[in-house]
Amino acid sequence: MTERESSLADLVAAEVAGPLDRVKAASLVERIGYGVAEQLAPLVEQRFGTLPPNEVEAATLAVIDVLDDVDLSDDGLLAADADAEALAKQVRAQFPDHARAAGLSEAARPLYELALDQACRYLVQVLRHLPTFQPRALSAVLGRLSTVTEQLDLVLGRIPTTSLYAPRGTDLDADFEAEYLRVLATTLDRLELLGLPGDEQPTLALTVAYLSLSVSDEFGRPRRRRRDSTPLRFDHLGGVPDQTDGIPVESAIGKHDRVLLRGDAGSGKTTLLSWLAVRAARRELGGALAEWNGRVPFLIRLRSHATGRLPGPEDFARDAAPGLAAVMPEGWAHRLLLSGRAVLLVDGVDEVLPSRRRAVKNWLRDDVLAAYPRARVVITARTAAADRRWLAAEGFTTVTLESMSPANVIAFTDRWHRAAEATGTHLDITAAECRLRTQLERSHLRELAATPLLCAMLCALNLAHRAELPRNRMDLYAKALSMLLHFRDAERGIAGLLSDTEKRVLLRDLAWRLTLANRIEFTTERALEHLSTKVRAMPNVSEAPAALLEHLVERSGVLRSPAPGQVDFVHRTFQEYLAADEAIQQHHVDTLIGNAHLDTWWDTVIMACGHATAKQADDLVTGILDHAEAEAEHSRHLRLLAAACLETIQDIASETRDRVDTMIRRTLVPPKDLRETKSLAAIGHRLLGYLPRSLDEFPEATAAAVVRAAALTGAKEALPRLAGYAGDPRYQVQQEVTAAWKFFDPAAYADEVLAEAPLFDGWISVTYRRHLPHLHRLRKLTSVDVRLDLNQGLESLHDLQDVRLLNRLWLRLPARATCDLELLTGHTGLESLLIWGKAEVVGVRALAELAGIEDIGVAGWPAPLSAFGCLPRLQTLRLLGRQRYDLALEPLPGVVQLMINRNLAGWMDLDLRAHFPDLRHLSLVGLRAPALDRLAAVDLVSLNLHGCRDIALAPLREHPTLESLGLTGLKTVVDLTALAGLDWEFLLDRQGEFKGREGLGPRVRLSTAYY
């Protein structure tokens, strides 16, 4: 063998005399090969999971063999600066057919190539870090092989594990993540106090000033009471029915991996995403969002991607922390997304062109969710820009931000004034706050303060003017602009470059140009171009465009620079108001009509009617109605828009007004079904004048829709109309009448609407704590269900002692609460008791006095399950919580429904047939590899598996009594092949992945319900 053909082992052997040293040298090479195998194990599982183990081992041994045979006599390969890629090329040149010669299959050869590359990286690192192979020292080095081995392990441990998504390893990931989260938390934890110019802005932390608002997924609809033995349904928490209606937005988001958050202008969508990002970055989230701690948020503003390529993972960090993008480890964002540790917060679907929204949807589905299915996503949009089904096929839960309640308004005004104090203003903040509270007693101002944006404007106007507040939106915006553009500087004696009128002219022009381009921000260069063009038409303005732009950004309080090189309005509503004014000033009525079908122009058109003369308003509304008749595709949108324009019009031809009234009555009112009611709310309180006074002539579905339409106006004037509807006993009507309670003052609604309502044969379901004190006002009440979540602030059962006729009690209590069952002993009519959460349960002996209970589930249960034996009518038992139950259990005959969650230790050791001889319906939640063969002896009719993993369904095929199987909330693919041809009823998760579904019988239903 020539020197050129010497292997590493041969080179070593030539320099040592003893056979033991030669064995040790060979062992060194072998350790490198096996070290590669260990380091590549995660990647092998990910990319080569289908490769048989013997082929994986064969590929690894082939690498060890080639390392043993390769020629390493070239001094260049053994030098301190040896190159791994050069070494890999050398190996392949020496042994071009080694993979084939080793008998590797086609599927195993890519693994061999990958392992060989990694082995070369390791070998070069070993040669750099371990003692050189000088002949005189080699025997001594090998004699100290134990020390060499320790060094080798240390070196291999430090070498980055590379893969497709970590081509340079992951050593810097932790350091970069910590710095990224620090920058994110610092830059986003700021809140601009709307109503104050830039130089008066206090240093206000978003996390301090943030106000939690409520959301609804649907208009609240209580469920029918259940008296049969149909299978139980549970949410993924294991026992409490899923409810997203009227709960804090944080709780709603925390319950779901994918959320579409809708809201009107100024409702707080952008602020919410910033708050989520800051809290997640600091690991300060609690409640339903506690699982987000330890995840990494990426905040993506779609306004910054209105044109061009939508961002890829490598761009996500750049959006929120552009200064760190250059030092981000390669593939870092990809790795976070793959691991499920990333949270995408995507803001502003409405801030891109309607024609681009399909591209946004495709980007989200194909580039994000398909590639990274474990990532959590929250995306926001105005309600007009995305209906609730827009992302339904992608598995998104849609929630809508509700208007601020009176309590929200009080809390918001308090925080606004505390923040204003931080500016050091000379104004009397306390007096201003008291004055505002008094004025907010007026109904029209309460309606105006429905969103954080409008409420902030009212606060600022009240503080600045100390006078009567506006009565409508147009007046509010006009006064707010006057305050921002003129009065504050005038009061402080600050001279400006521009008069108030000149500022308006320039701002109107910028707003109109943005609106025409369907954008909400300029580059600084583009803004300067527009200003240069406009000032040439303004003979009394001589300042340079750059000075004008700087002045408008610093002193107007309306324009800002959100990032270097960018300019936008502090809120889109100001842009729409000013653009509408410019359209009317420049007589662009035809342009408004031509764009009226676009949802991005909705508020601009409505406010243009408010700026318009009688003739302009007439032309605009007439043009919209003409287009509605000519364009069937957009007819409903255009008709609703024409009706909504009545809010701002001051003067219009009587013939046109009559045409609008006729159109509303013929095409919009009454709504045909519940789906149409949300859009009708855009008409505002004027809708009440078109709704019928009686529901007698309408079918049940239409009558229910009329009730909802009246309720959604949220106006105090709706109460008499709803009181007239409340006497209708039909189920759907009562459903809407009782659900509307949340929109109004609880006492007033109970007195004026619900007092004489028949309810559901006297039964009502209460989901808000604030309604409990007013139940005594309902004269026809015979039975009450109470279902309260953590967000309702219930600390103990003391709050329920004054509730009469309690029939069903479902509570979720916080960890600090104590659940004393003794406090329930007076509720002898209680039939269902479910207490979920981490509260301490005491007073178990009180169950003996609640003999009417048929359905029970209590987390934190301190006693053996045998304690349930004192309930003679018990039919449904739910074993909840995260604690380990005492399974000392006597038989419980009569229990036909049982739910078991993953935390019940040793449940499979139960003899279900012996302990529950009448069991027919079983639900298992969150179990891994449930032993379904153990169920063969149980006479089950239905089995529901929710959130279970590694499910083997074959044992169920021969079950003698099973008729129904539910599979929901699943995170892995479920193979249904073993159940092919069975005449069972199957309820399958709409978002689940199933193999062999085509072989099932005809009784297959898809559902998003949880079991």
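Rules behind the numbers
- Residues numbered from 1 in each chain as written.
- Predicted model: local features only at pLDDT ≥ 70, side-chain atom pairs only at ≥ 80, totals over all residues.
- Heavy atoms only, no water.
- Helix = DSSP H or I, 4+ residues; strand = E, 2+ residues; numbered from the N terminus.
- Buried < 20%, exposed > 50% of the residue type's maximum accessible area, 1.4 Å probe, protein only.
- Contact = heavy atoms within 4.5 Å.
- Areas by Shrake-Rupley, 256 points an atom, 1.4 Å probe, with all protein chains shown as cover.
- Pairing = 2+ DSSP bridges.
- Right-handed = clockwise from strand over helix to strand, strands pointing away.
- Expected span 1.5 Å × (residues − 1).
- Arc of directions from axis to C-beta.
- Axes fitted to C-alpha atoms, helices over the stretch in contact; angles between N-to-C directions.
- Parallel < 35°, antiparallel > 145°, perpendicular 65-115°, else oblique.
- Left-handed = near helix turned anticlockwise from the far one by under 90°.
- Nonpolar A, V, L, I, M, F, W, Y, C, P; charged D, E, K, R; others polar.
- Phe/Tyr/Trp six-rings, centres within 6.5 Å; stacked < 30°, edge-to-face > 60°.

Here's the deal with the overall build of the chain
Looking only at helices and strands, the chain features 37 helices and 26 strands. Buried residues in the chain amount to 54% of all 1011 residues. Of the contacts formed within the chain by residues at least 6 apart in sequence, a portion of 61% connects residues at least 24 apart. Of the roughly 43,300 Å² that the chain leaves accessible, carbon and sulfur atoms contribute 49%.

Some points on the pairing of strand β6 (residues 376-382)
The side chains of a regular strand alternate, residue by residue, between the two faces of the sheet. When you tally the buried positions in β6, you get 7 out of 7 residues, the bulk of the element. On β6, burial covers both faces: R376, V378, T380 and R382 on one face and V377, I379 and A381 on the other are all buried. Across 6 bridges, strand β3 (residues 258-263) lies against β6 in parallel orientation. Across the sheet, G263 pairs through a bridge with R382, a residue of β6. In this fold, the crossover linking strand β5 (residues 342-347) to β6 by way of helix α17 (residues 354-369) has right-handed handedness.

Observations concerning the sheet that holds β6
The strand order β2-β1-β7-β3-β6-β5-β4 describes an open sheet built from 7 strands, whose pairing is mixed. The strands lining the two open edges of the sheet, one partner per strand, are β2 (247-248) and β4 (296-301). In this sheet, strand β7 (residues 397-401) lies alongside β3 in parallel orientation, the contact comprising 4 bridges. When the bridges of β7 are listed, R262 appears paired with T400.

Some details on the environment of V66
By secondary structure assignment, the location of V66 is in helix α4 (residues 53-69). You can call V66 buried: its relative accessible area is 1%. Along the backbone, V66 and V91 are 25 residues apart, and their C-alpha atoms lie at a distance of 7.7 Å. Setting aside anything within four residues of it in sequence, one finds V66 in contact with V91, F95, H98, Y112 and L116.

Structural notes on the environment of P746
Summarising the element assignment, P746 is placed in helix α36 (residues 746-754). Contacts of P746, omitting those with residues within four sequence positions, involve W741, R770, H771 and H774.

What to know about helix α18 (residues 406-421)
Here α18 spans 23 Å end to end across 16 residues, near enough to the 22 Å set by a 1.5 Å rise per residue. Burial in α18 covers these residues: N408, V409, F412, T413, W416, H417, A419 and A420. For α18, the angular spread of the buried residues around the axis is 155°, confining them to a single face.

Digging into helix α23 (residues 500-516)
Its 17 residues place the ends of α23 24 Å apart at the C-alpha level, agreeing with the 24 Å of an ideal helix rising 1.5 Å per residue. Among the 17 residues of α23, 13 are classified as buried, and the element is accordingly described as predominantly covered. Backbone geometry just downstream of α23 places N518 in the positive-phi region, at approximately 55°.

Details of the packing of helix α30 (residues 635-644) against helix α31 (residues 654-668)
At a minimum axis separation of 10 Å, α30 and α31 run at an interaxial angle of 135°. Overall, the two elements α30 and α31 adopt an arrangement that is oblique. The handedness of the crossing between α30 and α31 comes out as left-handed. Contacts between α30 and α31 involve R636, R639, L640, A642 and A643 from the first element and V660, M663, I664, T667 and L668 from the second. For the contact of α30 with α31, a count of residues per class yields 7 nonpolar, 1 polar and 2 charged.

Brief notes about the side chain of H530
With respect to the helices, strands and loops of the structure, H530 is situated in helix α24 (residues 524-535). H530 gets classed as buried once you look at its relative accessible area, which sits at 13%. For H530, the residues in contact, after removing those within four places along its chain, are D509, L510, R513 and F522.

Some points on unusual backbone geometry
Residue P670 is bonded to the preceding V669 through a cis peptide linkage, with omega at 0°. One non-glycine residue, R283, adopts positive backbone phi at about 60°. Looking at the element boundaries, R283 is found in the loop between α14 (269-282) and β4. Notably, A929 is not glycine yet its phi reads approximately 50°, a positive angle. Summarising the element assignment, A929 is placed in the loop between β20 (921-925) and β21 (942-946).

Structural notes on the packing of aromatic side chains
According to the stated counting rule, one finds 12 aromatic pairs in the structure shown. Seen in terms of ring centroids, F744 and Y749 are 5.4 Å apart; in terms of plane orientation they differ by 15°. Their pairing is stacked. With respect to burial, F744 and Y749 carry one shared label: buried. Counting every residue linked through ring pairs, the aromatic cluster contains F176, Y180, F298, F316 and W332.

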